Amino acid sequence: MNNGDTFSAAGFEVSVVGEEHHLSHPDFPPVDNIVSVVDDEVFHPGDALTILDATTLLAPVQAPWMIALDLFPYLREIRPICAWLCPDSCANSTSVLICKWWPWYLGIIRKLEPQG
């Protein structure tokens, strides 16, 4: 997949944007990264900090390269209505609470996860 590609999957329209992983370390060049937008509504930046207007963001919070100094300005710039933390499987309970509640407390996002 490449930037600008689109396809349908399971009844959803998916657009591909972006091309490179967030810079992890200055000694290593960025690797390929696919960013996807589903039905012009749900934005999954993968392991990148791609800026895109989105109602729902799957926020890359638990990547080894992610730090709060990058995450919070990124969330402020996108200002999604809803943000899901992604991935959270490698996080301990303390870091999940920090990533969930600090952006909400600071007014960066309005809703942490969809209700219902």
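Please refer to the structure placed before this passage.
**Here's the deal with the overall build of the protein**
No. 1: In terms of regular secondary structure, the protein is built from 2 helices and 6 strands.
No. 2: Starting at the N terminus, the α and β elements of the protein follow one another as β-β-β-β-β-α-β-α.
No. 3: Expressed as a percentage of its 116 residues, the buried residues of the protein come to 34%.
No. 4: A total accessible area of about 7200 Å² is found for the protein, and carbon and sulfur atoms account for 57% of it.

**Quick word on the pairing of strand β6 (residues 82–86)**
No. 1: When strand β5 (residues 56–60) meets β6, the two strands line up parallel, connected through 5 bridges. Within β6, the position partnered with Leu57 by the bridge is Ala83.
No. 2: Running through helix α1 (residues 68–78), the crossover from β5 to the neighbouring parallel element β6 is right-handed.

**Structural notes on the nonpolar core**
No. 1: Residues Phe43, Leu57, Leu71 and Leu75 are the most contacted members of the largest nonpolar core, which totals 17 residues.
No. 2: Those elements that place two or more of their residues in this core are β3 (35–38), β5 and α1.
No. 3: When residues of this core are assigned to their parent elements, the largest contribution, 5 residues, is made by α1.
No. 4: Beyond its immediate chain neighbours, meaning those up to four positions away, Leu57 contacts Phe43, Pro45, Tyr74, Leu75, Ile78, Pro80, Cys82, Ala83 and Trp84.

**A look at the sheet that holds strand β1 (residues 6–9)**
No. 1: Reading across from one edge, β1-β2-β3-β4-β5-β6 is the order of the 6 strands in this open sheet, with mixed pairing throughout. Each edge of the sheet is formed by a strand with only one pairing partner; in this case those strands are β1 and β6. The average undirected angle you get between the axes of adjacent strands in this sheet is 25°.

**Overview of the environment of Gly18**
No. 1: Among the structural elements, Gly18 can be located in the loop between β2 (12–17) and β3.
No. 2: Gly18 sits in the partly exposed class, given a relative accessible area of 22%.
No. 3: The spatial distance from the C-alpha of Gly18 to the C-alpha of Asn2 is 7.9 Å, given a sequence separation of 16 residues.
No. 4: Leaving out residues up to four positions away in the same chain, Gly18 has contacts with Asn3, Asn33 and Val35.

Conventions and cut-offs
Within each chain, residues carry numbers counting from 1 in the order of the written sequence. The predicted nature of this model means local features are confined to residues of pLDDT at least 70 and side-chain atom pairs, given and counted, to a pLDDT of 80 or more, with totals for whole chains, interfaces and linings taken over all residues. Only hydrogens and water are set aside; all other atoms, that is, all heavy atoms of the structure, feed into the side-chain values. Each helix is a run of H or I in the DSSP string that is no shorter than four residues. Each strand is a run of E no shorter than two, and both are numbered from the N terminus. Whether a residue is buried, partly exposed or exposed follows from its accessible area with a 1.4 Å probe, protein chains only, as a fraction of its type maximum: under 20%, in between, or over 50%, in that order. Only the protein chains shown count as cover for residues, and all accessible areas are computed by the Shrake-Rupley method using a 1.4 Å probe. A pair of strands is labelled paired if DSSP reports no fewer than 2 bridges between them. Note on handedness: a crossover is taken as right-handed if, strands pointing away from the viewer, the path from the first strand over the helix to the second is clockwise. Only buried residues count toward a nonpolar core. Its members are Ala, Val, Leu, Ile, Met, Phe, Trp, Tyr and Cys residues joined through side-chain atoms within 4.5 Å. Any two residues whose heavy atoms approach within 4.5 Å at even a single point are treated as in contact. Fitting a line to C-alpha atoms yields each axis, with helices limited to the stretch in contact; the angle taken between N-to-C directions then spans 0 to 180 degrees.

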